[in-house]
Amino acid sequence: MTKLFEITFLDEAFQFVKSLDKKHAEKIIYNIRKSQIEIDPKIFKKLRDDIWQFRTLYQGLQYRLLAFWDKTDNNNTLVVSTHGFIKKRSKVSDSEIERAKQLRTLYFNEKQKIKKI
């Protein structure tokens, strides 16, 4: 099957997944891989300001990894996961979206610095 996009994790997202119980982390990774081959808004959904979320419900816990698209490489569409958290309310808080936007800005600034070298 053809992947719709590649995914990379910023350090915060990686550390979040790594800190979880193994079975919970495996479920999150399974859902992310599933979203790479099929469009399912229950798993991968746009929030606002071009911030998206990977959603996983496992054993009564709602896990979220926020992400954004990096389409700067014409050959490779990349989704960058910024950070993760366990959601307690039905709505993703504005502070989590703002955090993802700040991490997106840092990501592109670093990418520009590397490109200039």
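A closer look at the overall build of the protein chain
1) Next: Helix and strand content of the protein chain: three helices and five strands.
2) Next: Its C-alpha atoms give the protein chain a radius of gyration of 14 Å, within 12% of the compact-globule value 13 Å for 117 residues.
3) Next: Taken over the C-alpha atoms alone, the protein chain extends approximately 45 × 35 × 25 Å along its principal axes.
4) Next: Per-residue burial for the protein chain yields a buried fraction of 40% across its 117 residues.
5) Next: The contacts of the protein chain with a sequence gap of at least 6 include a subset with a gap of at least 24, amounting to 55%.

Observations concerning unusual backbone geometry
1) Next: Positive phi, normally seen in glycine, also occurs at D50, with a value near 60°.
2) Next: Within the secondary structure layout, D50 lies in the loop between β2 (44–48) and β3 (51–58).
3) Next: Phi at Q59 is positive, roughly 50°, even though this residue is not glycine.
4) Next: With respect to the secondary-structure elements, Q59 resides in the loop between β3 and β4 (61–70).

Side note on the pattern of salt bridges
1) Next: For the structure on display, the rule yields eleven salt bridges.
2) Next: In this structure, K22 and E26 form a salt bridge, with 3.9 Å as the shortest nitrogen-oxygen distance. Taken together, the residues K22 and E26, both in helix α2 (residues 22–37) and four residues apart, mark about one turn of the helix.
3) Next: Note that K46 and D50 form a salt bridge whose closest N and O atoms lie 3.3 Å from each other.
4) Next: Note on D50: relative accessible area 46%, which makes it partly exposed.

So, the nonpolar core
1) Next: Counting 16 residues, the largest nonpolar core has I28, F54, L65 and V79 as its most contacted members.
2) Next: Broken down by secondary-structure element, the contributors of at least two residues to this core are α1 (11–19), α2, β3 and β4.
3) Next: Contacts of V79, omitting those with residues within four sequence positions, involve F5, E6, I7, T8, F44, F54, A67, F68 and W69.
4) Next: Core analysis: the second largest hydrophobic core is formed by twelve residues, L10, I51, I97 and L103 among them.

Observations regarding the sheet that holds β4
1) Next: Here five strands make up an open sheet; going across it, the order is β1-β5-β4-β3-β2 and the pairing mixed. Each edge of the open sheet is held by one strand with a lone partner, namely β1 (6–9) and β2. Averaged over all neighbouring strand pairs, the angle between strand axes comes to 40°, with direction disregarded.
2) Next: Bridging between β1 and strand β5 (residues 78–87) involves four bridges; their strand directions are parallel. Note that in β5 the partner of T8 across the bridge is V80.

Definitions and cut-offs
Residues numbered from 1 in each chain as written. Predicted model: local features only at pLDDT ≥ 70, side-chain atom pairs only at ≥ 80, totals over all residues. Heavy atoms only, no water. Helix = DSSP H or I, 4+ residues; strand = E, 2+ residues; numbered from the N terminus. Rg over C-alpha atoms; globule rule 2.2 N^0.38 Å. Buried < 20%, exposed > 50% of the residue type's maximum accessible area, 1.4 Å probe, protein only. Contact = heavy atoms within 4.5 Å. Salt bridge = Lys/Arg side-chain N within 4 Å of Asp/Glu carboxyl O. Core = buried A, V, L, I, M, F, W, Y, C linked by side-chain atoms within 4.5 Å. Pairing = 2+ DSSP bridges. Axes fitted to C-alpha atoms, helices over the stretch in contact; angles between N-to-C directions.

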